[in-house]
Amino acid sequence: MEKNFVQELQWRGMVHDIMPGAKEHLMEDMKAAYVGIDPTADSLHIGHLVSVMMLRHFQLAGHKPFALVGGATGMIGDPSGKSAERNLLDEATLRHNQEAIKSQLGRFLDFDSDVPNAAVLVNNYDWMRDFSFLDFIRDVGKHITVNYMMAKDSVKKRLSSDAKEGMSFTEFTYQLVQGYDFLYLYQHHNCTLQMGGSDQWGNITTGTELIRRIGGGKGFALTCPLITKADGTKFGKTEGGNVWLDAERTSPYKFYQYWLNTSDDDAEKYIKIFTFLTQKEIETLVETHKQEPHLRALQKKLAEEITTMVHSKEDLENAIKASNILFGKSTSEDLKTLDEKTFLDVFDGVPQATVSKSELTPGLDMIGALAAKTGFLGSNGEARRELKQNSISVNKQKVREDYLISVADLINDKFVLLQRGKKNYFVLVAE
């Protein structure tokens with residue numbers, strides 16, 4: 001093989017458990033492996049990225065990756081790591097979500113070229129939809145004992161006396177359905193490895209058991225650690241919810257900021273998992289960072305690499321430009337290049353006041369703009385004082401008391417940014 005896949009994952013800290021013999025099996029020739037992706041939304045979030053990166057490394061090592069969209073399992077809900085059941089989706093929604101997910105995966109995996117190890121997207125709904133309940137319990141269910149299923153950690157947790165809610169029969173059968181997926185891909189695509197997060201180990205090994213008992217073959221399991229943050233808060237979450245790969249749900253600016261704001265410990269761990277930089281490049285970067293941690297070289301490189309990979313070089317440049325507006329030296333020209341969504345993201349939480357556009361036609365005087373109209377400053381006297389001290393800016397440019405704010409100052413035909421000193425911002429919204 002072109003690259004030792006398991007070794008590559010190991011130095012990156014991406015292996016939690018691996019079944020004996022898997023490493024040797026993967027060194028023989030081109031193999032196929034899959035990762036299951038839950039299609040409950042029409043976008044992946046960064047929690048999905050680890051398993052996507054595993055598939056990408058798998059393809060780079062010369063193997064064939066399968067991304068399995070769990071259309072059928074998405075209709076049931078996976079008990080592992082959850083404390084309650086999830087909402088079930090209809091077929092039209094699932095198909096829409098599948099297409100959206102495939103286009104995001106296309107930024108990481110090569111689906112389209114005619115190489116033997118081109119990636120394949122499959123949906124388990126396609127083979128589960130016509131499988132009757134009676135056929136399933138006869139052909140699959142009889143091969144796995146209830147004792148075997150009850151011994152899984154994901155089941156034990158939900159049945160323990162600490163669990164707030166019990167576990168429905170639907171969820172209990174989830175591991176059988178996921179196990180059957182592995183058997184199906186083994187029989188139809190010669191897929192011998194399933195990968196996922198460490199909370200999936202129980203479900204994956206049920207699949208290897210079905211391959212042994214029904215398929216008379218050998219399947220393998222490899223899991224990665226669940227990503228955590230050094231401060232104990234949940235990875236991939238912000239106050240606003242998930243960090244999505246879809247630019248409409250999480251703007252490239254907010255996406256970039258998420259990675260930029262990681263702690264030193266986390267950045268050192270994440271740069272191995274979420275980029276394709278080599279071991280040597282990462283070691284050099286870690287050294288540089290340790291000498292001057294305040295420059296945040298690790299965080300910057302991590303944020304640059306992953307924003308470019310998920311979005312684009314242009315989105316990265318815009319995100320950097322937007323970040324500099326708050327924290328660096330920038331001009332009114334820079335401000336005017338921001339689209340409305342990014343502008344609102346950058347100034348999220350900054351106080352606002354609304355003025356009528358008609359007031360800007362003759363020009364709005366600075367005292368009114370700072371005090372009477374907006375309440376940004378406490379009084380007209382304070383506004384005069386600050387203007388005399390040259391500490392007021394409109395759209396990043398210093399202004400005097402005689403300045404008039406006009407329609408020409410509007411950013412996106414809607415906003416004017418007022419600023420006192422370096423850190424006090426106020427947004428005028430013209431309607």
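Just so you know, the residues in each chain are numbered from 1, in the order the chain's sequence is written. Reporting of local features is limited, given that this is a predicted model, to residues whose pLDDT is at least 70; pairs of side-chain atoms are given and counted only at 80 or more, and all residues count toward the totals for whole chains, interfaces and linings. Side-chain descriptors were evaluated using all non-hydrogen atoms of the structure, hydrogens and water having been removed beforehand.

## Looking at the state of the cysteines
Reasoning step 1: The disulfide criterion is simple: two cysteine sulfur atoms within 2.5 Å. The full count for this structure, using the stated rule, is zero disulfides.
Reasoning step 2: Free cysteine: C191, not disulfide-bonded; nearest cysteine sulfur from C224 at 16 Å.
Reasoning step 3: Per-residue accessibility, obtained with a 1.4 Å probe over protein chains only, is compared with the maximum for each type, and a residue is labelled buried under 20%, exposed over 50%, and partly exposed between these values. A residue is classified by how much of its surface remains accessible, and C224, at 3% relative accessible area, is buried.

## What about the sheet that holds strand 14 (residues 415-420)?
Reasoning step 1: Should DSSP find at least two bridges between two strands, the strands are regarded as paired. Helix and strand assignments come from DSSP, with helices taken as H or I runs of at least 4 residues and strands as E runs of at least 2, each series counted from the N terminus. Taken in spatial order, the five strands of this open sheet run 9-15-14-11-12, and their pairing is mixed. Both outer strands of the open sheet, strand 9 (352-355) and strand 12 (397-398), are each paired with one neighbouring strand and no more.
Reasoning step 2: Bridging between strand 9 and strand 15 (residues 424-430) involves four bridges; their strand directions are parallel. In the strand pairing of strand 15, T354 is matched with V429.

## Examining the UniProt feature "binding site: L-tyrosine" (unreviewed entry) in the protein chain
Reasoning step 1: UniProt positions are given in the numbering used here, feature names are shortened, and annotations may be inferred rather than shown by experiment. Per the UniProt annotation, the sites labelled "binding site: L-tyrosine" (unreviewed entry) are Y34, Y174 and Q178.
Reasoning step 2: By the element assignment, Y34 lies in strand 2 (residues 32-37).
Reasoning step 3: Of the residues examined, Y34 reaches a relative accessible area of 1% and is grouped as buried.
Reasoning step 4: It only takes one pair of heavy atoms within 4.5 Å for two residues to be counted as in contact. Aside from chain neighbours lying at most four places away, what touches Y34 is L55, F66, L68, Q178, D181, F182, L185, C191, L193, Q194 and M195.
Reasoning step 5: Residue Y174 is classed as buried on the basis of its relative accessible area of 8%.

## Looking at helix 21 (residues 380-388)
Reasoning step 1: Turning to helix 21, its buried residues number three or more, namely E382, A383, E386 and L387. Buried residues of helix 21 fall within an arc of 135° about the axis and therefore sit on the same side. With respect to the buried face of helix 21, the exposed residues turned more than 90 degrees away are R385 and K388.
Reasoning step 2: Contacts from the buried residues of helix 21 go to helix 20 (366-372), strand 11 (392-394) and strand 14.
Reasoning step 3: Two residues or fewer past helix 21, N390 is found with a positive phi of approximately 60°. This arc is taken over the directions from the axis of the helix to the C-beta atoms.

## Description of the pairing of strand 5 (residues 191-197)
Reasoning step 1: Of all seven residues in strand 5, seven are buried; the element is thus mostly enclosed.
Reasoning step 2: Two strands pair when backbone bridges link them, and strand 2 and strand 5 are joined in this way by four bridges, in the parallel orientation. Residue pairing in the sheet places A32 in a bridge with C191 of strand 5.
Reasoning step 3: Where strand 5 lies against strand 6 (residues 220-224), five bridges are found, and the strand directions are parallel. Bridged to G197 within strand 6 is C224.
Reasoning step 4: In this fold, the crossover linking strand 5 to strand 6 by way of helix 11 (residues 201-213) has right-handed handedness. Crossover handedness is defined here as right-handed if the route from the first strand over the helix to the second strand goes clockwise, with the strands pointing away from the viewer.

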